[in-house]
Amino acid sequence: MVDTIIVIIVVLLMVLAAKQAVKHFRGEGSCCGGGSGASKVKIKEKQLSGPVIGKKTMAIEGMHCEHCVQNVMGALNSIQGVSAKVFLDENKAVVSYETEVSENTLRNAVENAGYKVRSII
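Residues numbered from 1 in each chain as written. Predicted model: local features only at pLDDT ≥ 70, side-chain atom pairs only at ≥ 80, totals over all residues. Heavy atoms only, no water.

A. Looking closely at the pairing of strand β1 (residues 54-61). Taken together, the six bridges between β1 and strand β3 (residues 92-97) define a ladder with antiparallel strand orientation. Bridged to K56 within β3 is V95. Two elements, β1 and strand β4 (residues 116-120), share four bridges in a ladder whose sense is antiparallel. Residue pairing in the sheet places I60 in a bridge with V117 of β4. (Pairing = 2+ DSSP bridges. Helix = DSSP H or I, 4+ residues; strand = E, 2+ residues; numbered from the N terminus.)

B. Examining the sheet that holds strand β2 (residues 82-87) more closely. The strand order β2-β3-β1-β4 describes an open sheet built from four strands, whose pairing is antiparallel. Both outer strands of the open sheet, β2 and β4, are each paired with one neighbouring strand and no more. Direction aside, the axes of adjacent strands within the sheet are offset by 30° on average. Against the sheet, helix α2 (residues 66-77) makes contact with β1, β2 and β3, and its axis sits at roughly 165° relative to β2, the strand it touches most. (Axes fitted to C-alpha atoms, helices over the stretch in contact; angles between N-to-C directions. Contact = heavy atoms within 4.5 Å.)

C. The pattern of salt bridges, seen in detail. One pass over the full model with this rule turns up two salt bridges. A salt bridge links E45 to K85; the shortest N-O distance between them is 3.7 Å. With E45 in the loop between α1 (2-25) and β1 and K85 in strand β2, this pair connects stretches of sequence that are 40 residues apart. The class of K85 is partly exposed, set by a relative accessible area of 42%. The salt bridge partner of K92 is E90, with a shortest N-O separation of 3.0 Å. (Salt bridge = Lys/Arg side-chain N within 4 Å of Asp/Glu carboxyl O. Buried < 20%, exposed > 50% of the residue type's maximum accessible area, 1.4 Å probe, protein only.)

D. Representation of the environment of Q70 within the structure. For Q70, the position within the fold is in helix α2. Along the sequence, Q70 and V86 sit 16 residues apart, while their C-alpha atoms lie 8.1 Å from each other.

E. Seen up close, the packing of α2 against helix α3 (residues 103-112). At a minimum axis distance of 9 Å, the contact between α2 and α3 shows a crossing angle of 140°. Our classification of the angle between α2 and α3 gives oblique. The two elements α2 and α3 meet at a crossing, and its hand is right-handed. Contact residues: α2 offers V72, A75 and L76, while α3 offers L106, A109 and V110. Looking at the contact of α2 with α3, its residues break down into six nonpolar, no polar and no charged. (Parallel < 35°, antiparallel > 145°, perpendicular 65-115°, else oblique. Left-handed = near helix turned anticlockwise from the far one by under 90°. Nonpolar A, V, L, I, M, F, W, Y, C, P; charged D, E, K, R; others polar.)

F. Spatial organisation of the side chain of S83. Structurally, S83 can be placed in strand β2. At 2.7 Å, the side chain of S83 forms a polar contact with the backbone oxygen of K46. Residues in contact with S83, not counting those within four places in the same chain, are K46, L48, N77, V94, V95 and S96. (Polar contact = N/O pair within 3.5 Å; in protein donor to acceptor, adjacent residues only side chain to side chain.)

G. Up close: the packing of aromatic side chains. One pass over the structure, following the stated rule, counts zero aromatic pairs. Note that K92 overlies the ring of F87, its terminal NZ or CZ placed 5.8 Å from the centroid. (Phe/Tyr/Trp six-rings, centres within 6.5 Å; stacked < 30°, edge-to-face > 60°. Lys NZ or Arg CZ within 6 Å of the ring centre and 35° of its normal.)

Okay, here's the thing in structure tokens:
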């Protein structure tokens, strides 16, 4: 009887863990400390005051959820003259800029936020 109860408890725990794993990989879970409210708090899209003189696309590794997207967007938007849109499903950020910005500045902002930049084109 005790063995049956233990098996039932283990099976229930495995089912719950599997459900959480599925949510995590869909970007719906509370990954990276985002908590359940992470998708409700969005960083406002930054508007540039001058004309856009260029765009760069960054391939980024390590983003798993909406909270990660917000972290990357906040890091890039903190650079003066830069506005970024981040796409979780494509693992990329599109950066528009109104003043020249070096690739090292963009790379450092993302990597200091905890993510890896694979390429910038």
